[in-house]
Amino acid sequence: MVHAVLTADLESVFGDPFDHANPVGHDAVLAADERSEPLVAGEQALDAWQANAEFVPAELGGRLTTVDALVRRLRPVFRRDAALGLGYGVTSLMAALNVWSGGTDAQRKQLADTLLDGQRVCVAYHELAHGNDVTANEMRAVRRGMSLVLDGRKEVINNAGRADHAVVFARTDERAGGRSHSLLLVDLSELPADRWRRLPRYRTMGLRGCHLGGLEFHGCPAPESALVGDVGAGADIALRSFQVSRCVTAGLGVGVLDAALFTVLRFARGRRLYGRTVAQIPHARSTLAGAFTDLLIADSLSTVAARSIHLLPANGAVYAAATKYLVPLLLEQAMDELAVILGARFYLREGDQAIFGKHFRDLPALSIGHAGGVSCQLTMLPQLPQLARSLDRAAQAPTALFDDSAELPKLALDALRLRSGPTDPVLAGLPDLLTALRRADRTEDTAALAAELLAELAELRYDIAATTPHDLGVLAPPAALALTERYATLLAAAACLGTWRHRRRSGDTAWIRLALHRLLARSRPGVLVQPAELDEALFTELTERAAHGQDFCLDAGRVHRQLVD
Amino acid sequence: MPTLDSTTAIAGWLTSRVASYLDTAPDEVDPDQPLADYGLDSVYALSLCGEIEDELNLTVEPTLAWDYPTVNAMAGYLHGELAGRVASQ
C-alpha cells in the first residue's frame, strides 16, 4: 500500500471551526474536552486522511520526507485541537523515529505496516520518579536465554491504554552512564497477558482528550528480536530522535497560538467598551501585534531548526534544544498577554471564547510533554563554550536553511550528532544579517537595534567564556542557566533575520524590526523603545490576513475561518 | 604545547584537562580509573569532547566517554583515529 499521494490539506478537511454544525468545529472540540475524551470525528477524519503515513518515510510507503513539511502539514490539527494532534499520533512518530534510525529492515517494515494500517504505537520513556532524567530510568530488560525479561513501569504515556505496540526504553546494564539503556519495539498483544498490564488513565489539566496511561511489566518475557539497535544503544538512538521530535512539537505548537490569536482578534473587533471596539484601544492593538510577531519568531526558529536537521545535522543537538526551550516560552507568554484582552471572558468555559481557554490549557501540557524547558537548557549549556569559541571561524549557514522554496536533502537520522559542533553556522551569521538589514532599512531605530544585538552577542560570548565546566551541569547556578536563554534569543534573532532575508516575502521590514525589538527586550529589557508605528504595521497585516482567510504563520496559508462584522 | 602524536602524549593532555575540571594536580588523576568515579558526568564529557575537537581537530561524540571511560582508553582510541586520518591522507 502506497500513501505517497497527499489527497487534500487538513485545513479543507477540518472546515470552518466556528460552524456550530461542524463535527470537528470548536463546539465539538470543546464538548470532547469537557468529557475528557478524544475528538472521535477528528480521529476519523485523520484516519481517512491516512495521517499515520506522515510518520512513515517515503521509502517505506509513507509520506515522510522532510521535518519541515511534516510540521506544516500537521499544523492544522494543532490549530484545531492539540489533544487530537498529540492523542492521534504525534507520539507514534516519536516512537517510530527510533526504529527508522536504529531498527533492522524487518523492524522498519513491520512498524511501517503497523502505522500504515492506522494503528498507534506508544513511546514509553517516562517514569514519574525520574522525569527528564532518562538515564536514571529503572525499568529493566534482563536477558534470559532468547528472551529479554521486562520488569517495571512506565507512567504518563500517551496511548498506553489503547496502543498494541510500544517502543520501550529499558535499563539493560546496572552501571551508570550512557550505555546503560536499550530500546525495544514490543508487540504488546503477543506478550503473556498475565505478565503485564495497562495502567489507569491519568487525569490532566490540559490535553484532556489524550489517553495518558502507563504500562507495567512483571517478569514479562519479550523476544530478543524486539531490541532496536544494539544493547546499550538506547540513549544514543533516543537522543537523535529527540532532536527531530523537539523540532516537531515546537513547530506544531505554533498552530495553537495561531488559532488563539484569531479567536482574540475576532473578539476584540466585536467587543465594544468605552464607546469603541477593543481593537481600537492602543494597548489591545499593541498586544495583538506583539503576539503576531512572537508567532512569526516562533515559526522562524522552529522552521530553521527543522530544516537544520537536514542541512546542518551536526548542529541539531543544540538547535533543537534551543527551539524546544524558547518556542513554547514565546507561545505561552503570548497566550498570557492575549488572555488580558479577553478580560473576564478568559475564565468562561462556554461561549465563543471558550476555545481560547482550551488552547491556553493545552499549550503548556504539549510543551512539557516531551522535554521540559529546563531540561532543554541543561542540554544546551555544556555545548555553548565550543560554539562561542568558534564563532569567528564558522562557515555561515546555507541560504536553503531559510528559503522554504529550496529543496532539502533526505532525512538522515544517523547524520545527527549527540553534541553540536564544532561551529555554530546560524549564530555566526548574525552580524552579516544585521548588516543586510541596516542596508535595507536606514532608520536610526534599526541602527540602534543592530548595535544592541551585536553588543549582546559580544557580551554573551564573554560570559560563556568565563564559565567553567563546573557551571555547566545540573547544579549550574542561575546565571549560567540564563546563558542558554540569551543564546536561544540570539539564535532566534538570527533565524528571523535569515528568514526575512532569504524567504520570499514582501520587502517590508516592520515585522523583522518588531521581532528583533521583542527578542532584544528579553535579554536587555528597556534599552530601546519600540516605535509605535511597528505595532500599527503588524496590527494592519494581522487584520488583513484574518479578513482574507490567511493564517498568521510564515506561510500565510489558506485557513477556513472568518471575521464577523 | 607538545604535539599530540602518541597515546602517551594524548593521555598527558587529557589528564591535564581532567585535573583542571577537578581542581586538582595532574598526578592526582589515575589514567586507568573511570572518569565517572571522579564525579565527572556526561556534562563534563560534553565539555571534554569540545576541547578534544578543538585541540585534535577530530570529530568526537559523547559516546567516546561511554565506550572509553578512562583517560588511557580514551587516549588509545583518539590516537587510533588520528593515525587513521594520517594514513588516509
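Quick caveat: nothing in here was measured; it's all calculated off a predicted structure.

Caption draft 1: Structural view of the overall build of chain A. Along its length, chain A carries 18 helices and 10 strands. Relative to a compact globule of 565 residues, whose C-alpha radius of gyration would be 24 Å, chain A shows 23 Å and is just as compact. Expressed as lengths along the three principal axes of its C-alpha atoms, the size of chain A is roughly 75 × 60 × 40 Å. Each of the 565 residues in chain A was classed as buried or not, and the buried ones make up 54%. In chain A, the proportion of contacts linking residues at least 24 apart, taken out of those at least 6 apart, comes to 78%.

Caption draft 2: Geometry of the overall build of chain B. Regarding its fold elements, chain B presents 4 helices and 0 strands. Reading the secondary structure of chain B in the N-to-C direction produces α-α-α-α. Taking 89 residues into account, the globule formula puts the C-alpha radius of gyration at 12 Å, and chain B, at 12 Å, falls close to it. Projected onto its principal axes, the C-alpha positions of chain B cover 40 × 25 × 20 Å. Scored against the burial criterion, the 89 residues of chain B give a buried share of 33%. In chain B, of all internal contacts separated by at least 6 residues, the share reaching a separation of at least 24 is 49%.

Caption draft 3: Local environment of the interface of chain A and chain B. Listed as interface residues are 18 residues of chain A and, on the opposing side, 16 residues of chain B. Element by element, the count of residues in the side of chain A that touches chain B is highest for helix 12 (residues 384-389) of chain A, at 3 residues.

Caption draft 4: Spotlight on the confidence of the model for chain A. Taken over all residues, the pLDDT of chain A has a mean of 94, while the share at 70 or more is 98%. In the model, residues 1-5 of chain A has pLDDT below 50 throughout and makes 11 contacts with residues more than four positions away in sequence or in other chains.

Caption draft 5: A look at the packing of helix 8 (residues 282-311) of chain A against helix 18 (residues 532-547) of chain A. Residues and elements named next belong to chain A. Where helix 8 contacts helix 18, the two axes come as close as 8 Å, and the packing angle between them is 75°. For the element pair helix 8 / helix 18, the angle class is roughly perpendicular. Mapping the contact onto sequence places R285, S286, L288, A289, F292 and T293 in helix 8 and D535, L538, F539 and L542 in helix 18. Looking at the contact of helix 8 with helix 18 residue by residue, the class counts come to 6 nonpolar, 2 polar and 2 charged.

Caption draft 6: Focus on unusual backbone geometry. That bond from A:G421 to A:P422 is cis: its omega, 0°, falls within 30 degrees of zero. Looking at the secondary structure, you find A:P422 in the loop between helix 12 and helix 13 (425-428). Phi at A:A556 takes a positive value of approximately 50°, unusual for a residue other than glycine. Of note in the backbone geometry, B:D23 takes a positive phi value of approximately 55° without being a glycine. Note on placement: B:D23 falls in the loop between helix 1 (7-22) and helix 2 (42-56).

Caption draft 7: Structural detail: the nonpolar core. Residue and element names in this part refer to chain A. A124, V167, L184, L261, V264 and L295 are the most contacted members of the largest nonpolar core, which has 206 residues in total. With 21 residues, the single largest contributor to this core is helix 7 (residues 234-270). If we skip the residues at most four places from it in the chain, V167 touches A95, N98, V99, V121, V123, A124, L183, L185 and V228.

Caption draft 8: View of the pairing of strand 4 (residues 165-171) of chain A. Residues and elements named next belong to chain A. Of all 7 residues in strand 4, 7 are buried; the element is thus mostly enclosed. The alternating pattern of strand 4 places H165, V167, F169 and R171 and A166, V168 and A170 on opposite faces, both of which are buried. Relative to strand 4, strand 1 (residues 121-124) is paired through 4 bridges, and the arrangement is parallel. Looking across to strand 4, one finds that V121 is bridged to H165.

Caption draft 9: Structural view of helix 2 (residues 26-34) of chain A. Here helix 2 of chain A has its buried residues at A:H26, A:A28, A:V29, A:A32 and A:D33. Down the axis of helix 2 of chain A, the buried side of the element spans an arc of 165°, and every buried residue falls inside it.

Caption draft 10: Summary view of the packing of helix 7 of chain A against helix 9 (residues 316-342) of chain A. Residue and element names in this part refer to chain A. Axis separation between helix 7 and helix 9 bottoms out at 9 Å; the angle between their running directions is 15°. As summarised for this structure, helix 7 and helix 9 are arranged roughly parallel, according to the angle between their axes. For the pair helix 7 and helix 9, the sense of crossing is left-handed. The residue inventory of the contact of helix 7 with helix 9, partitioned by class, reads 21 nonpolar, 5 polar and 2 charged.

Caption draft 11: Spotlight on helix 18 of chain A. All names here are of chain A. In this model helix 18 runs 23 Å from its N-terminal to its C-terminal C-alpha over 16 residues, within 8% of the 22 Å that 1.5 Å per residue would give. Of the positions making up helix 18, those classed as buried are L534, D535, L538, F539, E541, L542 and A546. Each buried residue of helix 18 sits inside an arc of 165° when the element is viewed along its axis, so together they form one side. Residues of helix 18 that are exposed and angled more than 90 degrees away from the buried face: A532, E533, E544 and A547. For helix 18, the secondary structure elements touched by its buried residues are helix 7, helix 8 and helix 17 (510-523). G549, located one to two residues past helix 18, shows a positive phi value of around 70°.

Caption draft 12: Representation of the environment of B:T59 in the model. Among the structural elements, B:T59 can be located in the loop between helix 2 and helix 3 (63-67). Note: C-alpha distance between B:T59 and B:H79 (20 residues apart in sequence) is 13 Å.

Caption draft 13: Summary view of the environment of B:T7. Residues and elements named next belong to chain B. Within the secondary structure, T7 is located in helix 1. Considered as a pair, T7 and D27 are 20 residues apart in the sequence and their alpha carbons are 17 Å apart. If near-sequence neighbours (up to four positions away) are discounted, T7 is found in contact with A75, G76 and H79.

Caption draft 14: Structural context of the environment of A:D414. By the secondary structure assignment, A:D414 is in the loop between helix 12 and helix 13. In this structure, the C-alpha to C-alpha distance between A:D414 and A:V142, residues 272 residues apart in sequence, is 27 Å.

How each quantity is defined
Residues numbered from 1 in each chain as written. Chains lettered and ligands numbered in written order. Predicted model: local features only at pLDDT ≥ 70, side-chain atom pairs only at ≥ 80, totals over all residues. Helix = DSSP H or I, 4+ residues; strand = E, 2+ residues; numbered from the N terminus. Rg over C-alpha atoms; globule rule 2.2 N^0.38 Å. Buried ≥ 20, exposed ≤ 12 C-beta atoms within 10 Å, placed from the backbone. Contact = placed C-beta atoms within 7 Å. pLDDT = per-residue confidence, 0-100. Axes fitted to C-alpha atoms, helices over the stretch in contact; angles between N-to-C directions. Parallel < 35°, antiparallel > 145°, perpendicular 65-115°, else oblique. Nonpolar A, V, L, I, M, F, W, Y, C, P; charged D, E, K, R; others polar. Core = buried A, V, L, I, M, F, W, Y, C linked by C-beta atoms within 7 Å. Pairing = 2+ DSSP bridges. Arc of directions from axis to C-beta. Left-handed = near helix turned anticlockwise from the far one by under 90°. Expected span 1.5 Å × (residues − 1).

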